[in-house]
Amino acid sequence: MDNQQQNNYKSQTAELLLKLKAIKLNPTDPFIWASGWKSPIYCDNRILLSDPNSRNIIANYFTDIIKYKYDDVEVIAGVATGAIGIAMLVAEKLNLPFIYVRPEAKKHGRKNQIEGKISDKQKIVVIEDLISTGKSSLNAVKALRESNLEVLGMIAIFTYGLNISMENFQKNKVNLDTLSNYNELINKAIDIKYISEKDSETLKKWNEDPENWS
């Protein structure tokens, strides 16, 4: 997989997310995240699942990357709940077993955190829909590792590219790839006239310090 192909994925994924309104940009009327942060961007990649053509395109991108980077993968894992649907499509295309990881173990029944059949030391690629700080994604990796599974890497649809997320992935020694990212999204949004150059400056400032942006 050459750089040109990777750049095509980034650009095409960004455009697809914007056109489907899976990602919304509103610099003048910010969204409020669950954390309390004000943000000019809101991402809901589950909207992809409602469009058959788009979800197939994204699943194919994931499949290409996995075949190129992780040809020894044995199981595809999705992070609950946002990545379950797309991860299952990827597992189907690769003809591999599928599992998913809950944020925490259930309080009843078998009290599983990992749902699906697993075997000791299996090699796993984790599928995620969105990377913000990375904490919930890495929580899934921790659960898999504690179950004596080998996590080869994680691939996500989109990342905000926050410094804290990059630090968290490096600290936990997890290889991360994403189909697209924040900078690519802003460039594409300008290109298709979704936002103005002035709006792009606001969006870039948020990305530099989201916790204190207003």
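See the structure shown above.
Our subject in this report is the structure included herewith. (Residues numbered from 1 in each chain as written. Predicted model: local features only at pLDDT ≥ 70, side-chain atom pairs only at ≥ 80, totals over all residues. Heavy atoms only, no water.)

Side note on the nonpolar core
For soluble globular proteins, the rule of thumb is that nonpolar side chains tend to be buried together. Which entries qualify depends on this criterion: In this text, buried Ala, Val, Leu, Ile, Met, Phe, Trp, Tyr and Cys residues form a nonpolar core when linked through side-chain atoms within 4.5 Å. Using a 1.4 Å probe on the protein chains alone, a residue whose accessible area is under 20% of its type maximum counts as buried, one over 50% counts as exposed, and one in between counts as partly exposed. Put simply, DSSP marks the helices as runs of H or I at least four residues long and the strands as runs of E at least two long, and each gets a number from the N terminus on. By the convention used here, residues are in contact when the closest approach between their heavy atoms is within 4.5 Å.
Ranked by internal contacts, the top residues of the largest apolar core, which has 45 residues, are I66, I76, F158 and Y160. If you tally residues by element for this core, the top one is helix α2 (residues 52–69), at 6 residues. Those residues in contact with I66 that lie beyond four places of it in its chain are D71, V73, I76, V90, L94, V125, I127 and I155. Within the second largest apolar cluster, 21 residues are counted, among which are V79, I99, A143 and M154.

Thoughts on the side chain of S200
Convention followed: Definition of a polar contact: a pair of N or O atoms within 3.5 Å, with one able to donate and the other able to accept a hydrogen when the atoms are protein atoms, and with sequence-neighbouring residues admitted only if both atoms are side-chain atoms.
Mapped onto the elements of the fold, S200 is located in helix α7 (residues 197–208). Only 2.5 Å separates the side chain of S200 from the backbone oxygen of E197, close enough to count as a polar contact. Not counting the four nearest positions on each side in its chain, S200 is found in contact with I186, I190 and I195.

A word on the packing of α2 against helix α3 (residues 84–94)
Using the following cut-off: Axis definition: a line fitted to C-alpha atoms, limited for helices to the stretch in contact. Angles are taken between N-to-C directions and run from 0 to 180 degrees. Roughly parallel means an angle under 35 degrees; roughly antiparallel, over 145; roughly perpendicular, 65 to 115; everything else is oblique. By definition, turning the near helix anticlockwise from the far helix through less than a right angle yields a left-handed crossing, and turning it clockwise yields a right-handed one. Each residue is assigned to one class: nonpolar for Ala, Val, Leu, Ile, Met, Phe, Trp, Tyr, Cys and Pro, charged for Asp, Glu, Lys and Arg, and polar for all the others, Gly among them.
For the pair α2 and α3, interaxial distance at closest approach is 9 Å and the crossing angle is 60°. Considering their axes alone, α2 and α3 lie oblique with respect to each other. The crossing of α2 and α3 is right-handed. Packed against α2, whose contacting residues are R55, N56, I58, A59, N60, F62, T63, I66 and K67, the element α3 presents I86, L89, V90, K93 and L94 at the interface. Of the residues belonging to the contact of α2 with α3, the class tally is 8 nonpolar, 3 polar and 3 charged.

Some details on the side chain of T133
Looking at where T133 falls in the secondary structure, it is placed in the loop between β8 (123–131) and α4 (135–146). A polar atom in the side chain of T133 sits 3.4 Å from the backbone nitrogen of K135. Sequence-distant contacts of T133, defined by excluding residues within four places in its chain, comprise W37, I164, S165 and N168.

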